[in-house]
Amino acid sequence: MRENGSSTQKTLTPFAQIEKKWQQHWEENGVFHTRTDADRQRFYCLCMYPYPSGELHMGHMRNYILGDVIARWHVMKGENVLHPMGFDSFGQPAEQAAIERKTHPAAWTYECIDRMKIQFRRLGISYDWSRELNTCLPEYYRWDQWFFLQLLKEGIAYKKKAPVNWCPKCEIVLADEEIVGGKCWRCDGEADRKDLEQWFYRITAYADRLLQELDLLEEWPERVRTMQAEWLGRSEGVEFNMPLAEGDGDIAVFTTRVDTTWGITYMVLAPEHPLVEKLIKGRPEEASVRAYLEKVSRKSELERISEEVREGVFTGAYAINPANEEKVPVWVGDYVLPQYGTGAIMAVPAHDQRDFEFAKANNLPIRVVIQPEGENLDPQTMTEAYIDSGVQVNSGVFDGLGNEEAKVKIAEWMEESGIGRRKVNWRLRDWLVSRQRYWGAPVPIIYCKKCGTVGVPEDQLPVILPEDAPFTGKGGSVLEQMPEFINTTCPKCGGPARRDTDTLATWTYSSWYYLRFASPKADKIFEREAVDSWLPVDQYIGGIEHAVLHLLYSRFYCKVMQDLGLVGFPEPFRRLFTQGMIYKDGAKMSKSRGNVVGVDEMCDTYGADSARCFILFMGPPEQDAEWRDAGVEGIYRFLGRLWRVVTTHLEHYDPKWSEKIAAATVTEAGQILRRKTHQTIKRVTADLERFHFHTAISALMELVAQMRELQEESKEPADLLVLSEACENLVKLLSPFAPHMAAELWEKLGEKDELCFVSWPTWDEAIAKEETITLVIQINGKVRDRISVEAGLPQEKLEEIAHNSPKIQTHLKGRAVKQTIVVRDKLVNIVV
RNA sequence: GCCGAGGUGGCGGAAUUGGUAGACGCGCUAGGUUCAGGACCUAGUGGCCGCAAGGCUGUCGGGGUUCGAAUCCCCGCCUCGGCACCA
């Protein structure tokens, strides 16, 4: 056995040979091929597919091991299980890596994929590789391009020049969802803004449904739903116009606090507001405003956010408050965001903290219009804005109303008098999908001088990404330097035309890959029938980091597809499980930190089954966990004990135990094991249902301990039958967790059926039931005695037993019993 | 700052409905086995007092509800996560 592995290989069980043998067996016999038997229920178990970044470490593997246990378990429950895997293989890290290694992103990517597939196989993950998909292959990405064209037809895909997030380090544009705290999600560098012409998907048109249909996702973690709702950021308010004091024109503002309209003392435009230029033209303030705009434009997004003093300048212009006809100054300030609402605000310093700070910094007046009950706010002495509710004052005819009521009344009045209208605003903005990068699917668009922007005709798809590109990994589209790619003919007029040189963001491929798995070879985006039979995904498993990125995009795709009649359901993932991360030495496992635990080193030393069980045994899978090498030993020793207890029993194993056991006279010790066996089946099944794999494994440990005890104690023929029953069930229960060892033991037991397909065991409630219970006797809630009694005794009997206990009698001496509480089969509490 | 989750031995964690706190594992201690190491086996292991029987105490801190609270309620502390000029 030693000759097969490294010198550190443990030798408790011959795992190296076993694992190799069964991995080969499963593969040769197509055991993991998706079954589609008509009479079985279908179950789609999917783990978020990985980006092929090279090595997978044990931290990554948690996800896949969880999924594998679930998938294997459902197969044993007799279901048709779809358990596929693929690779999210387009994206910029491949470009970076390729440059570093002086190779091509494609070559690097395929190499990584090969390595990762070997690792999946080594851990015994039961993927149906005949359904593998790979997003960087034309046969996959052509459908991404196809879908782009459908979105173009629907007006969901569109191009616009807009200020977009730009990461100078990665030299790439970023979607809003890719910005984390003003920084690039990948490199953690500060992100800038840049004005660029880009492709967007109109996800905002689906904001309402994305929010409302979160309610359909009952089996999603609350946390993820909350994060999505916050990201969508629905807010109700009123939009109205503030006319300019001189000349015509007006400035639209959005507010959620229309009740504070009478408190406006100034207004503020975002520096990027298109009206700024017009307002300042020819005024004395022009120079100072320009200087301010210049200063702001040099600030990064992060600097703008973290500014301590609220800076701004007066434009010289005035606007009219339509509520009271008052003239208020128009300022420019960078605390107003260009992308939200109208890019301009009414400022009510008395009742908005940001406006308050701005007013204080710039010496602007403050007027109270909401007075809290029993108080008298004075602008002179206020130290912060009053943002809670109260009674309207200084608000004309609305004075005296509660502000919540006034909100409604004022909105109605504005609508009736044509001043404004109620509006719902969203934080969500349209999704930026184009990237000026090489390693992606080209945007299937052709620009013709005569015909304008033309979609590539569907029969000309895919637009193949040329492999011989002179890519450097530097910014700017590589495809832009390839005349042979760019120059083409217009599909409409046949004249000379140019191809779009951008590629699609990686998120677009992952937004529908789960659909492709239903019919991965289809000569269309997918077979409707296959999709209808397998989807929505019954169990989706992945990291929390995708709570608003991948999971929001995928929901959006699914809804669009539903509207296009491509699918018949609004939500792609019925049940979601988000697993916690694995840390080591206090940090997330990563190659750069040098704290990774490799799949190979684990498998070499302890074997795949130990690696799997250890990951599962670490704790609740939704929680983060710290990797401690010492813990693996414990699991490894357990598997060794399990191996020995079963192999020791082999010579006595009787496959016909179930026929004989009823007639046999089982000893007391044998009864205990029988009970334990049935209890264990029950517990493991329940634990699998609630994703408590660690307690399922503890249950197996307890069973093994009990088996060893009987094995030591008794050689009675009846007890050997009990041990046979325990062995058979133990091996079945073990199968999803440690499939190699389970398969080997199954074979050693002489069983011929494929263990992976054997029915999940059931328990007999009558056998599982305890015959005796430990009756706890308390006095005033304190445990004073424990007595083993027959289960199911009536209340009166239990009370009698309790009072007869000598220990209890000692305690009760000279005290009057006030009350006795009896919980059947549990305890008696005597109150004195 | 706002929102959410959580706080249980030396450590990871159990405790399904308010009913024996600490299952299971790691570590540690003692003993056995072994040429030795490893592995394996047996016993012990929340704290305090006690030779022992046993007692007291104990689930972040403080209050409350209850015959009974790790579990429910209120206040506070701490940790982690999300959001953070969204008008």
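Residues numbered from 1 in each chain as written. Chains lettered and ligands numbered in written order. Predicted model: local features only at pLDDT ≥ 70, side-chain atom pairs only at ≥ 80, totals over all residues. Heavy atoms only, no water.

On to the nonpolar core. In this structure, Tyr-514, Trp-627 and Phe-737 are the most contacted members of the largest nonpolar core, which totals 195 residues. By size, the runner-up hydrophobic cluster in this structure holds 55 residues, among which are Phe-240, Leu-269, Ala-270 and Trp-331. (Core = buried A, V, L, I, M, F, W, Y, C linked by side-chain atoms within 4.5 Å. Buried < 20%, exposed > 50% of the residue type's maximum accessible area, 1.4 Å probe, protein only.)

Applying the stated criterion across every chain yields a total of 49 salt bridges. The closest approach of N and O atoms between Asp-259 and Arg-257, which form a salt bridge, is 3.0 Å. Using a relative accessible area of 15% as the deciding quantity, one classes Arg-257 as buried. Taking the shortest distance from any N to any O, the salt bridge between Glu-405 and Lys-409 comes out at 3.0 Å. Taken together, the residues span about one helical turn, with Glu-405 and Lys-409 both in helix H12 (residues 403-416) at a distance of four residues. On the accessibility criterion, Glu-405 (42% relative accessible area) is partly exposed. According to the relative accessible area criterion, Lys-409 is partly exposed, its value standing at 36%. Within the structure, one salt-bridge network assembled from shared partners comprises Arg-209, Glu-213, Arg-555, Lys-559, Asp-563 and Glu-571. (Salt bridge = Lys/Arg side-chain N within 4 Å of Asp/Glu carboxyl O. Helix = DSSP H or I, 4+ residues; strand = E, 2+ residues; numbered from the N terminus.)

The tally for this structure, following the rule as stated, stands at 44 aromatic pairs. Judged by centre distance (4.4 Å) and plane angle (10°), the ring pair of Tyr-140 and Trp-512 falls under stacked. Of the two residues, Tyr-140 is situated in helix H5 (residues 138-154) and Trp-512 in the loop between helix H14 (506-510) and helix H15 (513-516); the sequence distance between them amounts to 372 residues. When its relative accessible area of 2% is taken as the criterion, Tyr-140 is described as buried. Residue classification places Trp-512 among the buried residues on the basis of a relative accessible area of 0%. Cluster of aromatic residues (ring-pair linked, three or more members): Phe-147, Phe-148, Trp-199, Tyr-201, Tyr-206, Trp-431, Trp-507, Tyr-553, Phe-556 and Tyr-557. It is Arg-42 that lies over the ring of Trp-534; its NZ or CZ is 4.5 Å from the centre. Sitting over the face of the ring of Trp-129, Lys-117 holds its NZ or CZ atom 5.1 Å from the ring centroid. (Phe/Tyr/Trp six-rings, centres within 6.5 Å; stacked < 30°, edge-to-face > 60°. Lys NZ or Arg CZ within 6 Å of the ring centre and 35° of its normal.)

One open sheet holds the four strands; their spatial order is E22-E21-E24-E23, and the pairing between them is antiparallel. Only two strands of the sheet have a single partner each, and these edge strands are strand E22 (452-455) and strand E23 (487-489). Between one strand and the next, the sheet's axes are offset by a mean angle of 40°, whatever the strand orientation. Taken together, the three bridges between E23 and strand E24 (residues 496-499) define a ladder with antiparallel strand orientation. Within the sheet, the bridge partner assigned to Thr-489 lies in E24 and is Pro-496. (Pairing = 2+ DSSP bridges. Axes fitted to C-alpha atoms, helices over the stretch in contact; angles between N-to-C directions.)

In this structure, strand E5 (residues 157-167) lies alongside strand E9 (residues 192-201), joined through 10 bridges in antiparallel fashion. Bridging across to E9, Ala-162 finds its partner in Leu-196.

Next up on the list: the protein's contact with RNA strand B. In the vicinity of RNA strand B lie 50 residues, with Thr-256, Arg-304, Arg-310, Tyr-340 and Arg-354 positioned nearest. Here, RNA strand B places atoms within 4 Å of the protein, and 68% of those atoms are sugar or phosphate. The side chain of Thr-255 places a nitrogen or oxygen atom 3.0 Å from a sugar or linking oxygen of RNA strand B. Within the side chain of Arg-427, a nitrogen or oxygen atom sits 2.5 Å from a phosphate oxygen of RNA strand B. Per-element tally for the surface near RNA strand B: the top contributor is helix H23 (residues 693-713), with six residues. Here the surface near RNA strand B is composed, by residue class, of 20 nonpolar, 12 polar and 18 charged. (Near = heavy atom within 4 Å. Polar contact = N/O pair within 3.5 Å; in protein donor to acceptor, adjacent residues only side chain to side chain. Nonpolar A, V, L, I, M, F, W, Y, C, P; charged D, E, K, R; others polar.)

Across the interface, helix H20 (residues 629-649) lies against helix H25 (residues 739-748) with an axial gap of 11 Å and an inter-helix angle of 10°. One way to sum up the angle between H20 and H25 is to call them roughly parallel. Contacts between H20 and H25 pair Leu-639, Leu-642, Trp-643, Val-646 and Thr-647 from the former with Met-741, Glu-744, Leu-745 and Lys-748 from the latter. Considering only residue class, the contact of H20 with H25 consists of six nonpolar, one polar and two charged. (Parallel < 35°, antiparallel > 145°, perpendicular 65-115°, else oblique. Contact = heavy atoms within 4.5 Å.)

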